[in-house]
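What follows is the residue order along each chain.
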Amino acid sequence: MSPQSHLDRLSSVDASFLSNESSSSHMHVGAVLIFEGPPPRYEDFLEHVSSRLELVPRFRQKLVFPPFEAGRPLWADDHAFNLSYHVRHTALPSPGSEGQLRRLTGRVFSQALDRSKPLWELWLVQGLERNRFALLSKTHHALVDGVAGVDISTVLFDVKPVPEPAEAEQEWLPNPEPSTVELLARGVADVASVPLKAAERLAAAVQHPEAAARRVGEGLEALSEVAWNFANPAPDVPLNVEIGTHRRFIWARSELATFKRIKDALGGTVNDVVLAVVTGALRKWLDRRGIRTEGLELRALVPVSIRAEDERGQLGNRIAAMRGPLPVYVEDPVRRLQVVREAMGELKQSKQALGAEVISRFNDFAPPTLLAQASRINFSTRLFNLIVTNVPGPQIPLYVLGRELEEVFPVAFLPENHALAIAIMSYNGRINFGLLADYDAMEDVEKISEGITASLDELLAAAKEAEPEAEATEPAEAPAG
């Protein structure tokens, strides 16, 4: 785990999630985690979380803001940190159905996190039917991205049913609270460092002119692709309406082997199949709403991790956003997968992700007011209709206090004027969809969940038909000897 120091400054990407938060658009993410067996006692679970906190110091830090907007916010040790505030305990009323758990999740994710405290909550939920319990994790996106979130969540988990004994934590002593003068001085130093950083880059360009010219050329090409997206806005559909503060949450289950079978028989990657399934579900939903899909192509914001291998386990955001086409105009499911596959192939060859990174680098030099304006553009409805994020999870069983984690349903976030976000996560042979929706605009969100299952079934049927043909065209093995 990388150092997470007192008075670390937020990156421009991390700060952008704060800038984009409003009373109706909450920038926290998380998951519903379902475990087998009876729940642990709250006191035992609290002690378990406490024993792992030294591995994630950021979870005991809160935001502090330099006066006069002199620089981006910083993380500071919270002298009033109280673990029992962040780790909460509740129970479902009888019969403890999954529907009740989904409604509870919607209510929990309808409430913004308190910015005067560390930006996370963890709910222990008992009373789930079939002798199970759940954890609801909720963390502000300024603190963690999807890939890092998988790494951080495993801090609580063991890979064996018998938990590893935790070493006794030394008493945590928070650093002194920063004074207004210290925060202002750090902000001024941050602003003063901008010319120095620019000079360092200029010096590097002078020393390596060919490499610098190549980077400039690639950057301009990348920015032109981002500009093209603004000039060609996403279509106007009921997914992009004014949203309120309340949320619905629903999920869909599937098996990772099903997606692999489809991509082996029909081509593409698992992610291509995921996007094709989502596209099919949205087509069915639009049809139910009486919206013509002929010639209609939705656009999804697809976050892509640019986190290097040596950065795994670090908090903060290392993501770039690409706008992926969702061809709801294609009726045939196999052809739909082919179109998605071709479009994603072209997208990977494009400079979209680089363009987002170039803008991110510029934002590192921007003052907070300008950064806030620029970051809002990134979530404009001109750019995309909904978020679709796919996070690979561990493919081994995990345990908390001896209870096995059975399923994970990820929860994304809703930017302003976006009524639906779909998050997908694989874990231990399963791949599950979590659909977060505005409560009023998407009262029929369960139809999209049903559409995911139906679209997957269509592709699986097509894959089964294609498999004998694929086997028949395989070259025969040469005879031995």
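Bear in mind the structure is a predicted one, so any value in this text is a computation, not a measurement.

J.: How should I be thinking about the pattern of salt bridges in this particular structure?
T.: Oppositely charged side chains can form a pair if their charged atoms are brought close together. Counted under the stated rule, the structure contains 19 salt bridges. A salt bridge links Arg41 to Glu43, with the nearest nitrogen and oxygen atoms 3.6 Å apart. On the accessibility criterion, Glu43 (46% relative accessible area) is partly exposed. The partner of Asp44 in a salt bridge is Arg41, with the nearest N and O atoms 3.2 Å apart. By relative accessible area, which is 32% here, Asp44 ends up partly exposed.

J.: Where do I start with the pairing of strand β8 (residues 247-252) in this structure?
T.: Successive residues of a regular strand alternate their side chains across the two faces of the sheet. In terms of burial, β8 is largely enclosed, as five of its six residues are buried. Across six bridges, β8 lies against strand β15 (residues 430-438) in antiparallel orientation. Directly across from Phe249, in β15, lies its bridge partner Leu436.

J.: Even after reading the chapter, I still don't get the sheet that holds strand β7 (residues 132-140), so can you show me in this structure?
T.: Strands belonging to one sheet form pairs held by backbone hydrogen bonds; the direction of such a pair is parallel or antiparallel. Spatial ordering of the open sheet is given by β5-β6-β7-β2-β13-β12, a layout of six strands whose pairing is mixed. Unpaired on one side and paired on the other, β5 (87-91) and β12 (399-400) mark the two borders of the sheet. As paired elements, strand β2 (residues 28-36) and β7 share nine bridges and run antiparallel to each other. Following the sheet pairing, Ala31 is matched in β7 by Ser137.

J.: So what exactly am I meant to see when it comes to the confidence of the model for the protein here?
T.: The predicted coordinates should not be examined in detail at positions where pLDDT is low. Confidence in the prediction of the protein, expressed as mean pLDDT, is 83, and 74% of residues score 70 or more. The low-confidence segment residues 196-202 (pLDDT under 50) makes four contacts with residues lying over four places distant or belonging to another chain. This model gives residues 306-318 a pLDDT under 50, and the stretch forms 43 contacts once residues within four places in sequence are excluded.

J.: Got a minute to help me understand the packing of aromatic side chains in this structure?
T.: Both the distance between ring centres and the angle between the ring planes are used here to describe each pair of aromatic rings. Enumeration over the complete set of coordinates arrives at eight aromatic pairs. Considering the side-chain rings of Phe59 and Trp120, the 5.2 Å spacing of their centres and the 40° angle between planes classify their relative orientation as tilted. With a gap of 61 residues between them, Phe59 in the loop between α2 (42-52) and β3 (61-64) and Trp120 in strand β6 (residues 120-128) connect regions that are remote in the sequence. Note on Phe59: relative accessible area 11%, which makes it buried. Ring plane angle 15° and centroid distance 4.1 Å describe the contact between Trp251 and Phe409, whose orientation is recorded as stacked. One end of the pair, Trp251, is in strand β8; the other, Phe409, is in strand β13 (residues 403-411), with 158 residues separating them in the sequence. Per residue, the accessibility class of Trp251 equals that of Phe409, and both read buried. An aromatic cluster of three or more residues is present, and its members are Phe35, Phe133 and Phe157. Above the ring of Tyr85, the side-chain terminus of Lys117 is found at 4.9 Å from the ring centroid. Against the face of Tyr439 rests Arg248, its NZ or CZ located 3.8 Å from the ring centre.

J.: Help me understand the side chain of His28 in this model?
T.: Along the chain, His28 turns up in strand β2. A distance of 3.0 Å separates the side chain of His28 from the backbone oxygen of Phe109, its partner in a polar contact. Excluding residues within four positions of it along the chain, His28 makes contact with Phe109, Gln111, Ala112, Leu113, Lys138, Thr139, His140, His141, Ala412 and Phe413.

J.: Help me understand the sheet that holds β3, please; the structure alone is not making it clear to me.
T.: Strands sit in the order β1-β4-β3 across an open sheet of three strands; the sheet is antiparallel. A strand with exactly one partner marks an edge of an open sheet, and here the two such strands are β1 (8-9) and β3. Across four bridges, β3 lies against strand β4 (residues 74-77) in antiparallel orientation. Looking at β4, one finds that Gln61 is bridged to Asp77.

J.: Please clarify how the nonpolar core should be interpreted in this entry.
T.: Nonpolar side chains tend to gather and get buried jointly when the protein is soluble and globular. Core analysis: the largest hydrophobic core is formed by 83 residues, its most contacted members being Leu101, Leu282, Leu420, Phe433 and Met442. The element best represented in this core is helix α9 (residues 270-288), accounting for 11 residues. In terms of nonpolar packing, the next biggest core, distinct from the first, is built from 36 residues, Leu10, Leu63, Leu113 and Leu119 among them.

J.: Just checking my understanding: could you explain unusual backbone geometry for this structure?
T.: The general pattern is negative phi for most residues beyond glycine and trans for most peptide bonds. Note the cis peptide between Ser94 and Pro95, where omega equals 15°. For Leu7, which is not glycine, the phi dihedral falls at a positive 70°. Tracing the sequence through the fold places Leu7 in the segment before β1. Take Leu7: its relative accessible area is 7%, and that puts it in the buried class.

J.: For this particular structure, what's the right way to read the pairing of β5?
T.: Bridging between β5 and β6 involves five bridges; their strand directions are parallel. Along β6, the bridge assignment pairs His89 with Leu124. Each parallel crossover has a hand, and for β5 linked through helix α4 (residues 98-108) to β6 it is right-handed.

Each value, and the rule that gives it
Residues numbered from 1 in each chain as written. Predicted model: local features only at pLDDT ≥ 70, side-chain atom pairs only at ≥ 80, totals over all residues. Heavy atoms only, no water. Salt bridge = Lys/Arg side-chain N within 4 Å of Asp/Glu carboxyl O. Buried < 20%, exposed > 50% of the residue type's maximum accessible area, 1.4 Å probe, protein only. Helix = DSSP H or I, 4+ residues; strand = E, 2+ residues; numbered from the N terminus. Pairing = 2+ DSSP bridges. pLDDT = per-residue confidence, 0-100. Contact = heavy atoms within 4.5 Å. Phe/Tyr/Trp six-rings, centres within 6.5 Å; stacked < 30°, edge-to-face > 60°. Lys NZ or Arg CZ within 6 Å of the ring centre and 35° of its normal. Polar contact = N/O pair within 3.5 Å; in protein donor to acceptor, adjacent residues only side chain to side chain. Core = buried A, V, L, I, M, F, W, Y, C linked by side-chain atoms within 4.5 Å. Right-handed = clockwise from strand over helix to strand, strands pointing away.

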